[in-house]
Amino acid sequence: MASDFARLPLPPAQLANLQALGYERMTPIQAASLPLSLAGHDLIAQAKTGSGKTAAFGLPLLARLEVRRFAVQALVLCPTRELADQVAGELRRLARAEDNVKVLTLCGGSPIQPQLASLAHGAHLVVGTPGRVLDHLSRGSLDLGALNTLVLDEADRMLDMGFADDIKEVLRHCPAQRQTLLFSATYPEGVQALATRFMRQPKTVTLSEKT
Ligand code: ADP
Ligand code: MG
């Protein structure tokens, strides 16, 4: 049986990769958001942990990735190192559709020197926590000039952790011409304010809770 993902405008290599990963059916958040995000829309998606968010933002950013261009083309901001590591691991699995996609994590609480060395070698995708990503932007060790996708993952949690100012500062370093994808389990005022200020005519996807 053909995979559910086959009706999406995804490269054949990615469809084969998803099949190899055992992804047959889209999760509800993937089914609701991927047609919009793959069409290039900014997106606000209300989705909780374990709903398959990483592929929901990973597939569009990977579909756009130019592997031959060795520059950071997508940035995913996450609240914690644990979540950043999970996202990076999942992105690496999804990136197997292409050869040699370099995914780098930049999180606080890790020594800065190895991160500086890794950045000097270059990366296609960066996953990190807002404070440390901003640190690298301020030092000039991270350049987002070639960025085309910005993801705010678990935005409500990032704001709860006091990252609002850091996120706004990171956003100032991002090119205006980009796709912004925001994922949040809840949609409090602070998250709405971020979306209003930094997103362009975002589509909203909310899944009704059925438990
Ligand atoms: P979230 O970020 O929403 O907590 P993840 O993106 O980490 O969730 O996905 C949770 C788990 O489900 C991961 O192990 C991932 O590999 C798996 N997964 C995601 N989408 C699918 C799918 N369509 N089919 C099968 N497994 C999936
Ligand atoms: Mg996640």
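Here is what the cut-offs are and how they apply
Residues numbered from 1 in each chain as written. Chains lettered and ligands numbered in written order. Predicted model: local features only at pLDDT ≥ 70, side-chain atom pairs only at ≥ 80, totals over all residues. Helix = DSSP H or I, 4+ residues; strand = E, 2+ residues; numbered from the N terminus. Rg over C-alpha atoms; globule rule 2.2 N^0.38 Å. Buried ≥ 20, exposed ≤ 12 C-beta atoms within 10 Å, placed from the backbone. Contact = placed C-beta atoms within 7 Å. Near = placed C-beta within 6 Å. Nonpolar A, V, L, I, M, F, W, Y, C, P; charged D, E, K, R; others polar. Axes fitted to C-alpha atoms, helices over the stretch in contact; angles between N-to-C directions. Parallel < 35°, antiparallel > 145°, perpendicular 65-115°, else oblique. Left-handed = near helix turned anticlockwise from the far one by under 90°. UniProt positions renumbered as here; feature names shortened; annotations may be inferred. Pairing = 2+ DSSP bridges. Right-handed = clockwise from strand over helix to strand, strands pointing away. Core = buried A, V, L, I, M, F, W, Y, C linked by C-beta atoms within 7 Å. Arc of directions from axis to C-beta.

- Going by an unreviewed UniProt entry, the protein chain carries the name ATP-dependent RNA helicase DbpA and comes from Ideonella livida.

## Concerning the overall build of the protein chain
So, step 1. Along its length, the protein chain carries nine helices and seven strands.
So, step 2. For 211 residues, the compact-globule estimate of 2.2 N^0.38 gives 17 Å, and the protein chain sits close to it at 16 Å.
So, step 3. Here the protein chain holds 211 residues, and the buried ones make up 40% of them.
So, step 4. Contacts spanning at least 24 positions in sequence make up 73% of the contacts within the protein chain whose residues lie at least 6 apart.

## Structural notes on the site of ligand 1
So, step 1. Taken together, 14 residues sit near ligand 1, with Tyr 23, Thr 49, Gly 52, Lys 53 and Thr 54 positioned nearest.
So, step 2. For the shell around ligand 1, the elements supplying multiple residues, two or more each, are helix H3 (53–64) and helix H4 (81–94).
So, step 3. The class makeup of the residues in the shell around ligand 1 is three nonpolar, eight polar and three charged.

## Topic: the environment of Val 151
So, step 1. For Val 151, the location among the structural elements is in strand S5 (residues 149–152).
So, step 2. Along the primary structure Val 151 and Ala 74 are separated by 77 residues, whereas in three dimensions their C-alpha atoms are 7.8 Å apart.
So, step 3. When sequence neighbours within four positions are dropped, the list of residues in contact with Val 151 reads Phe 57, Ala 74, Val 76, Leu 77 and Leu 181.

## Structural notes on the packing of H3 against H4
So, step 1. Orientation of H3 relative to H4, taken along the N-to-C sense of each, is 50 degrees, at an axis distance of 10 Å. The angle between H3 and H4 falls in the class oblique. The element H3 and its partner H4 pack so that their crossing is right-handed. On H4, the residues touching Thr 54, Ala 55, Gly 58, Leu 59 and Leu 62 of H3 are Val 87, Glu 90, Leu 91 and Leu 94.
So, step 2. A breakdown of the residues in the contact of H3 with H4 according to their chemical character gives six nonpolar, two polar and one charged.

## Looking at the UniProt feature "short sequence motif: Q motif" (unreviewed entry) in the protein chain
So, step 1. In the UniProt entry, the feature "short sequence motif: Q motif" (unreviewed entry) is given for residues 3–31.
So, step 2. The span residues 3–31 shows a helical share of 45% and a strand share of 0%, and its end C-alpha atoms are spaced 12 Å apart.

## Regarding the sheet that holds strand S7 (residues 203–206)
So, step 1. Pairing within the open sheet is parallel, and its seven strands lie in the order S3-S4-S2-S5-S6-S1-S7. Whereas interior strands pair on both sides, the edge strands pair on one side only; in this sheet they are strand S3 (103–106) and S7. Going across the sheet, the axis of each strand differs from the next one's by a mean of 15 degrees, ignoring polarity.
So, step 2. Bridging between strand S1 (residues 43–46) and S7 involves four bridges; their strand directions are parallel. The residue bridging Gln 46 from the neighbouring strand is Thr 206, located in S7.

## Here's the deal with the pairing of S3
So, step 1. Direction of pairing for S3 relative to strand S4 (residues 125–128): parallel, over a ladder of four bridges. Residue pairing in the sheet places Leu 104 in a bridge with Val 126 of S4.
So, step 2. What joins S3 to S4 is helix H5 (residues 112–121), and the crossover it makes is right-handed.

## Overview of the environment of His 121
So, step 1. Tracing the chain through its elements places His 121 in helix H5.
So, step 2. Here His 121 falls in the exposed class, since 9 other C-beta atoms lie within 10 Å of it.
So, step 3. Once the C-alpha coordinates of His 121 and Ala 155 are considered, the two residues, 34 residues apart in sequence, prove to be 29 Å apart.

## Quick word on the nonpolar core
So, step 1. Formed by 57 residues in total, the largest nonpolar core has its most connected members in Leu 75, Leu 77 and Val 127.
So, step 2. Ignoring sequence-local partners within four residues, the contact set of Leu 75 consists of Val 126, Val 133, Leu 144, Leu 147 and Leu 150.

## Regarding helix H9 (residues 189–198)
Residues three or four positions apart in an α-helix share a direction because the helix packs 3.6 residues into each turn.
So, step 1. Every buried residue of H9 is listed here: Val 191, Leu 194, Ala 195 and Phe 198. Viewed along the axis of H9, the buried residues span an arc of 95 degrees, placing them on a single side of the element. Across from the buried face of H9, at angles greater than 90 degrees, the exposed residues are Glu 189, Gln 192, Thr 196 and Arg 197.

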